[in-house]
Amino acid sequence: MPTTAFIYTTSENSIEKGHVTWESPSNIALVKYWGKKENQIPANPSISFTLSNCKTITTLSYKKLPNPSDEYQFEVFLEGNKQDDFKPKINIFFKRIEQYVPFIKEYAFKIETSNTFPHSSGIASSASGMSALALCVMSIEKELNPNITATDFTNKASFLARLGSGSACRSLEGDIVCWGAHKEINGTSDLFGVKYPHKVHENFKNYQDTILLVDKGEKQVSSTVGHNLMHKHPYAENRFKQAHDNLSKLIQVFKTGNLKSFIEIVESEALTLHAMMMTSLPYFVLMKPNTLEIINKIWTFRETSGLHLCFTLDAGANVHLLYPENEKQQVLDFINSQLVGYCQNAHYICDNVGFGAKLISN
Ligand code: DP6
């Protein structure tokens, strides 16, 4: 599909003002997006579990300006407080999406946003935040063009979210979303995320994700800088191929429910992501000593208990613990007895697979 298909052209209605609220969750990648081309096109396909509890709730209020403005007119509030330091990122987002939703120049916006997880938890809010905002913008488009189909609405919202932050395009639906063209998964595209279309075994139903907050500080390396490190990276081509192969293997795993293979793919993906950062120029170590302590404890626990707990990592020190729902109690006991001491202020967040964004009010 060409990107021109996403350009808004018709204007059946005219609206003066209104407001809309969407909530959108975070997601955790199993096969990682790491490396991108121009215009937020991923270097390889990725796949993620959509989360349920970690989410952003955004209200977009809009009022028509007497004349279209040269600058984007908006104010941003986080948990009720004016948040001017969010403005540059939103400005870039508006600039990237303007050709697809030109009406944004015709309105003054108030963006009120809040997260269910603490802002200083080290959990990235860009996936949930950008997807919630993209959905709000699409709700305006729907007011202007009520004939847009539900599929076109979701695909375009994901397309816009991607322009805000790549991984955000995987947050709109659930429970498993892929982004990036993959030859064995029908309908996949580099332009937007799609719900995983193949069979998924019962074992993955309501899969659990407990996030251990090892380091609540600001990200050491921004995603943009991180993705750019894959340009001229000595292992880039092999890595991109590996992501395709891992996704092929996951199709089988989802079909058969083979948790042993699931664990192998997911942990290898996490460690490869970090290996890419350790072997780039400049190089970075984003794990902390406690990250490694946790990984070693998980491996021992898995061996002695025979349970299916595994970990994944984003581009930081926090650890996502993934495990089947029927092992929840034993894993929580293990976390509380052996892992909580490695978390900053003993802080961890319990989440599970969820089903995507929701319209709260319109
Ligand atoms: C490590 O989506 O944050 O979480 O497109 O530059 O906003 P930008 O990057 P971003 O990258 C996320 C990378 C990751 C892996 C993943 O979620 O697939």
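Conventions and cut-offs
Sequence positions are assigned chain by chain, starting from 1 and proceeding in written order. Residues qualify for local features only when their pLDDT is at least 70, as the model is predicted, and side-chain atom pairs are given and counted only at 80 or more; totals for whole chains, interfaces and linings, by contrast, use all residues. Values reported for side chains reflect all heavy atoms of the structure, with hydrogen atoms and water molecules removed beforehand. Every helix listed is a DSSP run of H or I at least four residues long, and every strand listed is a run of E at least two residues long, numbered separately from the N terminus. Radius of gyration: C-alpha atoms only; globule rule: 2.2 Å multiplied by the number of residues to the exponent 0.38. A simple rule labels every residue: compare its accessible area, found with a 1.4 Å probe on the protein chains alone, to the largest value its type can have, and call it buried under 20%, exposed over 50%, or partly exposed in between. Contacts: residue pairs with any heavy atoms within 4.5 Å of one another. Shrake-Rupley sampling with a 1.4 Å probe provides the accessible areas, and residues are treated as covered by the protein chains on show and by no other component. In this tally, Asp and Glu contribute negative charge and Lys and Arg positive charge; neither His nor the terminal groups of the chain are included. Charge positions come from single atoms, namely NZ of Lys, CZ of Arg, CG of Asp or CD of Glu. Being near a molecule or strand, for a residue, means having at least one of its heavy atoms within 4 Å of it. Pairing of N or O atoms within 3.5 Å defines a polar contact, subject to two protein rules: one partner must be a possible hydrogen donor and the other a possible acceptor, and residues neighboring in sequence count only if both atoms are side-chain atoms. All amino acids are sorted into three groups, where Ala, Val, Leu, Ile, Met, Phe, Trp, Tyr, Cys and Pro are nonpolar, Asp, Glu, Lys and Arg are charged, and the leftover types, Gly among them, are polar. Just so you know, the domain bounds were taken from an automatic or database domain assignment. We call two strands paired when DSSP finds no fewer than two bridges between them. To obtain an axis, a line is fitted to C-alpha atoms, over the contacting stretch when the element is a helix, and the angle between two such axes runs from 0 to 180 degrees between their N-to-C directions. By definition in this entry, angles of less than 35 degrees are roughly parallel, angles greater than 145 are roughly antiparallel, angles of 65 to 115 are roughly perpendicular, and the rest are oblique. In this scheme the handedness of a crossing depends on how the near helix is turned from the far one: anticlockwise by less than a right angle means left-handed, clockwise means right-handed. To pair, rings of Phe, Tyr and Trp, with the six-membered ring standing in for Trp, must have centres within 6.5 Å; the planes then decide the type, stacked if under 30 degrees apart, edge-to-face if over 60, and tilted in the middle. Distance and angle both matter: a charge sits over a ring if NZ of Lys or CZ of Arg is within 6 Å of the ring centre and within 35 degrees of the ring normal. By convention in these notes, a salt bridge is any Lys or Arg side-chain nitrogen within 4 Å of a carboxyl oxygen on Asp or Glu.

Draft legend 1. Looking closely at the overall build of the chain. When helices and strands are tallied, the chain shows 8 helices and 14 strands. For 362 residues, the compact-globule formula gives about 21 Å, and the C-alpha radius of gyration of the chain, at 20 Å, lands near that figure. Summarising its shape, the C-alpha atoms of the chain cover approximately 70 × 45 × 40 Å along the three principal directions. Residues counted as buried form 55% of the 362 residues belonging to the chain. Of all intrachain contacts in the chain linking residues separated by at least 6 positions in sequence, the fraction that spans at least 24 positions is 76%. Counting only carbon and sulfur atoms, one obtains 50% of the accessible surface of the chain, whose full area is about 16,100 Å². Here the chain contributes 35 positively and 36 negatively charged side chains, and the mean placements of these two sets differ by 2 Å.

Draft legend 2. Representation of the site of the ligand within the structure. The immediate surroundings of the ligand are formed by 17 residues, with Tyr-33, Lys-36, Ser-165, Gly-166 and Ser-167 found nearest. In this structure, Tyr-33 approaches the ligand through a side-chain N or O atom, which is 2.7 Å from an oxygen atom. With respect to the ligand, the side chain of Asp-314 contributes an N or O atom lying 3.4 Å from an oxygen atom. Against a free-state accessible area of 460 Å², the protein chains account for coverage of 93% of the ligand. The element best represented in the shell around the ligand is helix α4 (residues 223-228), accounting for 3 residues. Class assignment for the residues of the shell around the ligand results in 5 nonpolar, 8 polar and 4 charged. Looking at which domains feed residues into the shell around the ligand, each of domain 1 (16-199 + 355-361) and domain 2 (203-352) gives three or more.

Draft legend 3. Molecular detail of the sheet that holds strand β11 (residues 310-313). A sheet is described by the order of its strands in space; here 4 strands give the open sequence β11-β12-β10-β13, paired in antiparallel fashion. Because the sheet does not close on itself, it has two edges, and the strands there are β11 and β13 (348-352). Taking each pair of neighbouring strands and ignoring which way they run, the sheet shows an average axis angle of 25°. Of the strand pairs in this sheet, strand β10 (residues 208-212) and strand β12 (residues 319-323) are connected by 5 bridges, and their pairing is antiparallel. Directly across from Asp-209, in β12, lies its bridge partner Leu-322. Its contacts with the sheet place helix α7 (residues 289-305) against β10, β11 and β12, and it is angled at close to 155° to β11.

Draft legend 4. Quick peek at the packing of helix α6 (residues 259-278) against α7. Closest axis-to-axis distance for the α6/α7 pair is 14 Å, and the angle between their directions is 170°. As judged from the angle between their axes, α6 and α7 are roughly antiparallel. Crossing handedness for the pair α6 and α7: left-handed. For the pair formed by α6 and α7, the contact residues are Ile-263, Glu-267 and Leu-271 on the first element and Ile-295, Ile-298, Trp-299 and Arg-302 on the second.

Draft legend 5. Structural view of the packing of aromatic side chains. A complete count under the given rule lists 22 aromatic pairs for this structure. Taken together, the ring pairs connect Tyr-62, Tyr-72, Phe-74, Phe-93, Phe-94, Tyr-107 and Phe-109 into an aromatic cluster. The ring of Phe-77 carries the charged tip of Lys-110 above its face, separated from the ring centre by 5.3 Å. Taking NZ or CZ as reference, Arg-162 lies 5.0 Å from the ring centre of Phe-159, over its face.

Draft legend 6. Molecular detail of the side chain of Asn-155. Mapped onto the elements, Asn-155 comes out in helix α3 (residues 150-164). Those residues in contact with Asn-155, other than ones at most four positions away along the chain, are Phe-6 and Phe-192.

Draft legend 7. Structural context of the packing of helix α1 (residues 87-97) against helix α2 (residues 126-144). At a minimum axis separation of 12 Å, α1 and α2 run at an interaxial angle of 50°. It follows from the interaxial angle that α1 and α2 lie oblique. Two packed elements cross with a definite hand, and for α1 against α2 that hand is right-handed. Facing Lys-89, Ile-90, Phe-93 and Ile-97 of α1, the residues of α2 in contact are Ser-126, Met-130, Leu-133, Ala-134 and Val-137. Classifying every residue of the contact of α1 with α2 by side-chain character gives 7 nonpolar, 1 polar and 1 charged.

Draft legend 8. Examining the environment of Asn-44 more closely. Secondary-structure assignment places Asn-44 in the loop between β3 (41-42) and β4 (46-64). Those residues in contact with Asn-44 that sit more than four places away from it in its chain are Lys-32, Tyr-33, Trp-34, Trp-179, Arg-239, Phe-240 and Ala-243. Of note is the side chain of Asn-44, whose polar atom sits 3.0 Å from the backbone oxygen of Lys-32.

Draft legend 9. Structural context of the pattern of salt bridges. Counted under the stated rule, the structure contains 15 salt bridges. A salt bridge links Lys-82 to Glu-75; its shortest N-O distance comes to 3.8 Å. Put simply, Arg-239 and Glu-269 hold a salt bridge, and the shortest N to O gap is 2.8 Å. Here Glu-269 lies in helix α6 and Arg-239 lies in helix α5 (residues 236-256), a separation of 30 residues in the sequence. A relative accessible area of 0% means that Glu-269 is categorised as buried. Counted as one network, the salt bridges with shared partners bring together Glu-23, Lys-55 and Lys-358.

These figures capture arrangement, not role.
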